[in-house]
Amino acid sequence: MPGFDSIARIGYGAMVLEGYYGGIEDAQGVEVLRHAIERGAMIDSADAYGGGHNEELVAKAVQGRREKAFIATKFGIVFDEGETGNAIETGWGFSLNINGSTEYARKSLDASLRRLGCDYVDLYYLHYPDPKVDIEESVGAMAHEVEAGKVRHIGLSNVTAEQVRRAHAVHPVRAVQYEYSLWRREAERELLPTLRELGVALVAWSPLGAGFLAGAADAPPEGDFRNNNPRFTGDNLQANRDRFAPLREIAESLDITPAQLALAWLLHQGEDIYAIPGSRKIERIDENAKAENIKLPEDVLKKIDALAPVGITKGATLV
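Just so we're clear, the structure is a prediction, and the values are computed from it rather than from any experiment.

Visitor: Looking at this structure, I do not really get the packing of aromatic side chains. What am I missing?
Guide: Two aromatic rings are characterised by how far apart their centres lie and by the angle between their planes. Within this structure, the stated rule accounts for nine aromatic pairs. Plain terms: the ring middles of Phe4 and Phe70 are 5.8 Å apart, the flat faces sit at 70° to each other, and that makes the pair edge-to-face. Highlighted residues: Phe4 in the segment before strand S1 (12–13) and Phe70 in strand S3 (residues 70–75), separated in sequence by 66 residues. One exposure class covers both Phe4 and Phe70, and it is buried. Taking 6.2 Å as the distance between ring centres and 80° as the angle between the ring planes, the aromatic pair formed by Phe212 and Phe232 counts as edge-to-face. Of the two residues, Phe212 sits in the loop between strand S9 (201–205) and helix H7 (234–253) while Phe232 sits in the loop between S9 and H7, which places them 20 residues apart along the sequence. The ring of Phe232 has Arg226 lying over it, and the distance from NZ or CZ to the ring centre is 5.7 Å. Across the ring face of Phe212, the terminal group of Arg248 is positioned such that the distance to the ring centre comes to 5.2 Å.

Visitor: Teacher, can you tell me more about the packing of helix H3 (residues 102–116) against helix H4 (residues 135–147) here?
Guide: The description of two packed helices rests on the angle between their axes and on the distance between the axes. One can describe the packing of H3 onto H4 by two numbers: an axis separation of 8 Å at closest approach and a directional angle of 40°. On the basis of the axis angle, H3 is oblique to H4. Between H3 and H4 the crossing geometry is right-handed. Residues Thr102, Ala105, Arg106 and Leu109 of H3 form the contact with H4, whose own contacting residues are Glu137, Ala141, His144 and Glu145.

Visitor: Whenever I open this one, the environment of Ala61 confuses me. Can you help?
Guide: Mapped onto the elements, Ala61 comes out in helix H2 (residues 53–62). Through-space distance from the C-alpha of Ala61 to that of Ala8 is 18 Å; in sequence the pair is 53 residues apart. Each residue touching Ala61, except ones within four places of it in the same chain, is listed here: Val30, Leu33, Arg34 and Ile37.

Visitor: What should I look at first to understand the pattern of salt bridges in this one?
Guide: Where charged atoms from two side chains of opposite charge approach closely, those side chains can pair. Applying the stated criterion across every chain yields a total of 20 salt bridges. One salt bridge connects Glu186 with Arg184, and the closest N-O pair in it is separated by 3.8 Å. Overall, Glu186 belongs to the partly exposed group, its relative accessible area being 27%. Between Arg185 and Glu188 there is a salt bridge; the shortest N-O distance is 2.9 Å. Judged by its relative accessible area of 8%, Arg185 falls in the buried class. Connected via shared salt-bridge partners are Glu179, Arg184, Glu186 and Arg231.

Visitor: I'm lost on the pairing of strand S4 (residues 86–89) in this one. Help?
Guide: On a regular strand, each side chain points to the face opposite its neighbour's, so the side chains alternate between the two faces of the sheet. Here S4 runs beside strand S5 (residues 95–98); their pairing, made up of four bridges, is antiparallel. Bridge pairing in S5 places Ala87 opposite Asn97. Taking the residues between adjacent antiparallel strands as the criterion, S4 and S5 are bridged by five residues, where Gly91 takes a positive phi near 80°.

Visitor: Would you take a moment to explain the side chain of Arg226 for this structure?
Guide: Within the secondary structure layout, Arg226 lies in the loop between S9 and H7. Reaching out from Arg226, the side chain makes a polar contact with the backbone oxygen of Ala210 at a distance of 2.9 Å. Those residues in contact with Arg226 that lie beyond four places of it in its chain are Tyr21, Ala210, Gly211, Pro220 and Phe232.

Reading the values: the criteria
Residues numbered from 1 in each chain as written. Predicted model: local features only at pLDDT ≥ 70, side-chain atom pairs only at ≥ 80, totals over all residues. Heavy atoms only, no water. Phe/Tyr/Trp six-rings, centres within 6.5 Å; stacked < 30°, edge-to-face > 60°. Helix = DSSP H or I, 4+ residues; strand = E, 2+ residues; numbered from the N terminus. Buried < 20%, exposed > 50% of the residue type's maximum accessible area, 1.4 Å probe, protein only. Lys NZ or Arg CZ within 6 Å of the ring centre and 35° of its normal. Axes fitted to C-alpha atoms, helices over the stretch in contact; angles between N-to-C directions. Parallel < 35°, antiparallel > 145°, perpendicular 65-115°, else oblique. Left-handed = near helix turned anticlockwise from the far one by under 90°. Contact = heavy atoms within 4.5 Å. Salt bridge = Lys/Arg side-chain N within 4 Å of Asp/Glu carboxyl O. Pairing = 2+ DSSP bridges. Polar contact = N/O pair within 3.5 Å; in protein donor to acceptor, adjacent residues only side chain to side chain.

What follows is the structure, given as structure tokens:
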């Protein structure tokens, strides 16, 4: 079975299969997942994606090939109306209810394992820290599941450097998932240095800026999840188009796609960086995977740093 250190650094974010960026048939989603698994990609899911449906798709994809798959899933977002949670603001025009309690962690994992058709997950994340539950409690419950053999590695998502330290003191944290890309580099300020001090990997979600860095810089169609993102709305979108246009020119000069440039840059930030772009098309998975072998010249890296420093993107979010 693949271990964390042996998986491809370009993984696969399965959230995209739930219609947030356009519809897709289940059969196609399963085919895409199987292709990603064969490429050695970490499959990133969550119980809240599609209200459990995403994990059911993963179950179909890994049937008969569980030993080849590295499955990551998450808990904490309350998606069942019968459950309670504590609200957090996202900056995307809606709030989320979060439950990081011991009882909810254990119940959620058992439900995820049933949907996944597995007796363990390779990486289990706390999706967001619960504002009214100490992170030590949440991680303690997850550590119990490691001892029970249901979880191989513990992860955190959307956390601060201080929360990572507190959690790591309870049980070793293997990975932290956080938004990190050329249009959101804030992780470099405090979070990434802390992770490196503790020996924790960073898994970048939305490494292509929700498709913006892949060249999809048009206004999202009606019903697209990105319409909640302030970076895609109003004057912000045009400002971001103008600011990031030079990156597309760099990609063209290197004969690579804008997506490959963005992913290659991300991996150049350190061997402890992983990325989980999502796509509904097999050819995009192959395109993204090639970024792992792209070597960017030092002068190009310096130029990119100058063009896309921390904070350049217009339209901030809270998470």
